[in-house]
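Analysis of the macromolecular model
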Amino acid sequence: MADTLILSGAPEGLDAALIAREAARGAPNPKPVIHIARDDRRMAAMRAALGFFAPTLAVLEFPAWDTTPYDRVSPSGEVMAQRLQVLAALATGTIKPPFVLLTTVNAALQRVPAADTVRAASFVARKGERLDEAQLRGFLARMGFSQAPTVSEPGDYAIRGGIIDIYPPGGVGPARLDLFGDVLDGIRGFDPDTQRSLAAMDRVEIAPMSEVILDEAAITRFRQNYRAEYGGGASDPLYEAVSAGQKVAGMEHWLPWFHDRLDSLFDYLPDASVMLDDHLEQVRAGRWHTVSEQYDARREAMARKGGGDSVYRPVAPAALFADEAEWARWLAAHRVIRLATLARPPGPGVLDAGGHAGRSFAPERQAEKADLFAALAAHVRDLQKTRRVVVASFSEGARERLTGLLADEGLTGLPIDDIRGLPDGKGSLGLAVWPLDEGFVSDGQATGPLAVISEQDVLGDRLIRGARKRRRAQNFLKDTQSLTPGDLVVHVEHGIGRYTGLETIRALGVPHDCVALEYAGGDRLYLPVENIELLSRYGHEEGLLDKLGGGAWQARKARLKERIR
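In this text the structure is predicted, and so the values were computed from the model without any measurement.

Moving on to the overall build of the protein chain. When helices and strands are counted, the protein chain shows 18 helices and 28 strands. In terms of overall dimensions, the protein chain is globule-like: its C-alpha atoms have a radius of gyration of 27 Å, near the 24 Å expected for 565 residues. In terms of overall dimensions, the protein chain has a C-alpha envelope of 75 × 65 × 60 Å along the principal axes. Taking the intrachain contacts of the protein chain between residues at least 6 apart in sequence as the baseline, contacts between residues at least 24 apart amount to 69%. Summing over all exposed atoms, the protein chain offers an accessible surface of approximately 27,700 Å²; the carbon and sulfur share of this is 51%. Averaging the locations of the 68 positively and 76 negatively charged side chains of the protein chain gives two centres separated by 1 Å.

Next comes the structure, spelled out in structure tokens:
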């Protein structure tokens, strides 16, 4: 039976220091740590906190599918790319402990392709070695890559004579392979926006783009499993498409039928310690309830339609997700540490991490004549008598403002990037950019005497920008009349498309005027005229169309926002 501990007195923020300490446990032969957060927000907060307490510690993030169970759509390409990059790194052993694998309960409950399958599906191209172009083409097709005129997002590849552009999953960016005959003469990264070559590389690793690897063996397994569960499927579009080797939107939800076996994420790291977020068990039970409800709804719909060929035929929940008993078996093979925010009486299997929530300045904010920043300065001075103090801000600008406000009260703080910049000994004051919701006080071994005050403790919840004012209805058609078919426009979420005209679409039996847009690959988007404010003119007469639903436009927006910031 694996060790099971409860670490109480571990509020958000301090839990990262405990995880970093666990990752260093057993040095010089440390073991990896899997931390399972309640949701994506908690996972992102943990990533930021680890960046403060353990900036040199390698951290991987394994997200859940961004779809509901038994959905008709596939997970986004970005999510699939990130998941498969992590699985490939773990399967091939390219990352060594110490490291932390961050994930969520939704991701951890779901089975994944076996490690040997992912290992066999990874491709490495090295400079100076022979490269079979036909073999590479076949590999890319089986792994879910799509041939495109221009490579702009993960999953794209293009072949132009002896030049092969590939955008593998993960954050490494696209690579340009230069062949001299059948020898790989050079590899360079390149900018997907400008297509300009960048730094030279010695090798490029290519992981699959989908957890469904659509080769002949997988197609045969799918057909056999489908028929065993539901009988013949000759008229089912899903069955027919997969049988023909074609990708189908949402086919990942039939993942168990494509593989000989599926593993758990824990199987990839059999020696890892597992640390569980506070209140995780309630979230796990709620997730299983959601999965079961979605499955039952699909089965009931199938029964109402008499099992017709067009209905959704779901995979049994236990084939893709872990029930309570399976979850317990997975955890039983590991050292498990359950984090608890509130302190508990010490006892067998219960240890005190030495932390508690910090002070909130809500009373001062609400009082009419209270001096908020004088109260903050007094509290900091009181804390400095016994410990180091950190004030955590959400941004560089917020840190500069708090630095000035504290200086007005006679306190001088040192801007720091992480815990290493905070001088040892009581009395030191550091100001960090760390998006922490609530501060804490700690006397535990993981941090020593330390207090962290968050910007939100002082100023309250961050302001959320209100919704933009919508345009008046009478202006909608006037806006579209200013466009002519063939004009390029920019959709705020989908990027550059070509306006082809106004079309009337029937939705729920009611005619509706829509702006028709064409995107790369011939994909079309119909935008209701009342949402015309989502469009703007493109500043050039010509340009590359974006791929509908792709990530290239979002990536360009993010880079532009960063440059503006």
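Let's shift gears to empty space enclosed by the protein. Within this structure, the stated rule accounts for two cavities of 30 Å³ or more. Taken as a whole, the largest cavity holds about 60 Å³ of empty space. As for the largest cavity, its lining consists of Glu12, Gly13, Asp15, His35, Ala37, Arg42, Ala45, Met46, Ala49 and Asp277. Only strand S2 (33-37) and helix H2 (40-53) provide two or more residues apiece to the lining of the largest cavity. Among the elements that line the lining of the largest cavity, the one with the most residues is H2, at four residues. Along the lines of polarity and charge, the residues of the lining of the largest cavity split into four nonpolar, two polar and four charged. If you go around the second largest cavity, the residues you meet are Trp65, Thr67, Thr68, Pro69, Gln110, His253, Arg287 and Phe321. The residue inventory of the lining of the second largest cavity, partitioned by class, reads three nonpolar, four polar and one charged.

Another aspect to go through is the nonpolar core. Leu50, Phe53 and Trp434 are the most contacted members of the largest nonpolar core, which totals 37 residues. Counting residues per element, the ones that place at least two in this core are helix H1 (14-24), S2, H2, strand S4 (99-104), strand S16 (335-339), strand S19 (388-393) and strand S23 (450-454). If near-sequence neighbours (up to four positions away) are discounted, Trp434 is found in contact with Gly13, Ala48, Ala49, Phe52, Phe53, Ala392, Ser393, Phe440 and Val452.

On to the packing of H1 against H2, then. As a packed pair, H1 and H2 sit with axes 8 Å apart at the nearest point and diverge in direction by 65°. With respect to their mutual orientation, H1 and H2 come out roughly perpendicular. Here the hand of the crossing between H1 and H2 comes out right-handed. In this structure, H1 uses Asp15, Ala16, Ala17, Ile19 and Ala20 to contact H2, whose residues at the interface are Arg42, Met46, Ala49, Leu50 and Phe53. Class assignment for the residues of the contact of H1 with H2 results in eight nonpolar, no polar and two charged.

What follows concerns the pattern of salt bridges. Counted according to the given criterion, the structure contains 28 salt bridges. Here Glu22 ties to Arg335 by a salt bridge, and the two come within 2.8 Å at their closest N and O atoms. Of the two residues, Glu22 is situated in helix H1 and Arg335 in strand S16; the sequence distance between them amounts to 313 residues. Residue Glu22 shares its accessibility class with Arg335, and that shared class is buried. Taking the shortest distance from any N to any O, the salt bridge between Arg176 and Asp165 comes out at 2.8 Å. Of this pair, Arg176 sits in strand S10 (residues 175-180) while Asp165 sits in strand S9 (residues 163-166); the two residues are 11 residues apart in sequence, bridging distant segments of the chain. An identical accessibility class is assigned to Arg176 and Asp165; each is buried.

Glancing now at the sheet that holds S23. Taken together, the six strands give an open sheet; going across it, the order is S18-S22-S23-S19-S21-S20, and neighbouring strands pair in mixed fashion. Strand pairing shows two members of the sheet lacking a second neighbour, strand S18 (355-357) and strand S20 (414-416), which therefore form its edges. Ignoring which end each strand starts from, the neighbouring axes of this sheet average 20° apart. The pairing of S18 with strand S22 (residues 440-442) spans three bridges and is classified as antiparallel.

Relative to the 18 Å expected for 13 residues at 1.5 Å per residue, helix H15 (residues 396-408) spans 19 Å between its end C-alpha atoms, a close match to the ideal helical length. Residues of H15 that are buried include every one of Ala398, Arg399, Leu402 and Leu406, and no others. In a view along the axis of H15, the buried residues occupy a sector of 100°, so they form one face of it. Looking at H15, the residues exposed on the side facing more than 90 degrees away from the buried face are Glu400, Arg401 and Asp408. Residues of H15 that are buried sit in contact with helix H14 (372-384), S19, S20, strand S21 (429-433) and helix H16 (455-459). Backbone geometry just after H15 places Gly410 at a positive phi near 85°.

Its 25 residues give helix H10 (residues 280-304) an end-to-end C-alpha distance of 36 Å, which sits within 8% of 36 Å, the value for a rise of 1.5 Å per residue. Those residues of H10 hidden inside the fold are in contact with S2, helix H4 (105-108), helix H7 (216-230), strand S15 (273-276), helix H11 (317-320) and helix H12 (324-332).

For the rest of this paragraph, the subject is the packing of aromatic side chains. The tally for this structure, following the rule as stated, stands at 16 aromatic pairs. Ring geometry for Phe222 against Phe258: centres 4.8 Å apart, planes inclined by 25°, an arrangement best described as stacked. On the criterion of sequence distance, the pair formed by Phe222 in helix H7 and Phe258 in the loop between helix H8 (237-243) and strand S14 (262-263) is long-range, its members being 36 residues apart. Note on accessibility: Phe222 and Phe258 belong to one class, buried. Here Phe266 and Trp327 contribute two aromatic rings whose centre-to-centre distance is 5.8 Å and whose plane-to-plane angle is 65°, an arrangement assigned as edge-to-face. Placement of Phe266 in helix H9 (residues 265-268) and of Trp327 in helix H12 is noted, with a sequence separation of 61 residues between them.

Each value, and the rule that gives it
- Residues numbered from 1 in each chain as written.
- Predicted model: local features only at pLDDT ≥ 70, side-chain atom pairs only at ≥ 80, totals over all residues.
- Heavy atoms only, no water.
- Helix = DSSP H or I, 4+ residues; strand = E, 2+ residues; numbered from the N terminus.
- Rg over C-alpha atoms; globule rule 2.2 N^0.38 Å.
- Contact = heavy atoms within 4.5 Å.
- Areas by Shrake-Rupley, 256 points an atom, 1.4 Å probe, with all protein chains shown as cover.
- Lys, Arg positive; Asp, Glu negative; His and termini not counted.
- Charge placed at Lys NZ, Arg CZ, Asp CG, Glu CD.
- 1 Å grid on protein atoms, 1.4 Å probe; cavity = no way out; pocket = protein on both sides within 12 Å on 5 of 7 lines; lining within 4 Å.
- Points joined across faces, edges and corners; volume = space filled by probe spheres on them.
- Nonpolar A, V, L, I, M, F, W, Y, C, P; charged D, E, K, R; others polar.
- Core = buried A, V, L, I, M, F, W, Y, C linked by side-chain atoms within 4.5 Å.
- Buried < 20%, exposed > 50% of the residue type's maximum accessible area, 1.4 Å probe, protein only.
- Axes fitted to C-alpha atoms, helices over the stretch in contact; angles between N-to-C directions.
- Parallel < 35°, antiparallel > 145°, perpendicular 65-115°, else oblique.
- Left-handed = near helix turned anticlockwise from the far one by under 90°.
- Salt bridge = Lys/Arg side-chain N within 4 Å of Asp/Glu carboxyl O.
- Pairing = 2+ DSSP bridges.
- Expected span 1.5 Å × (residues − 1).
- Arc of directions from axis to C-beta.
- Phe/Tyr/Trp six-rings, centres within 6.5 Å; stacked < 30°, edge-to-face > 60°.

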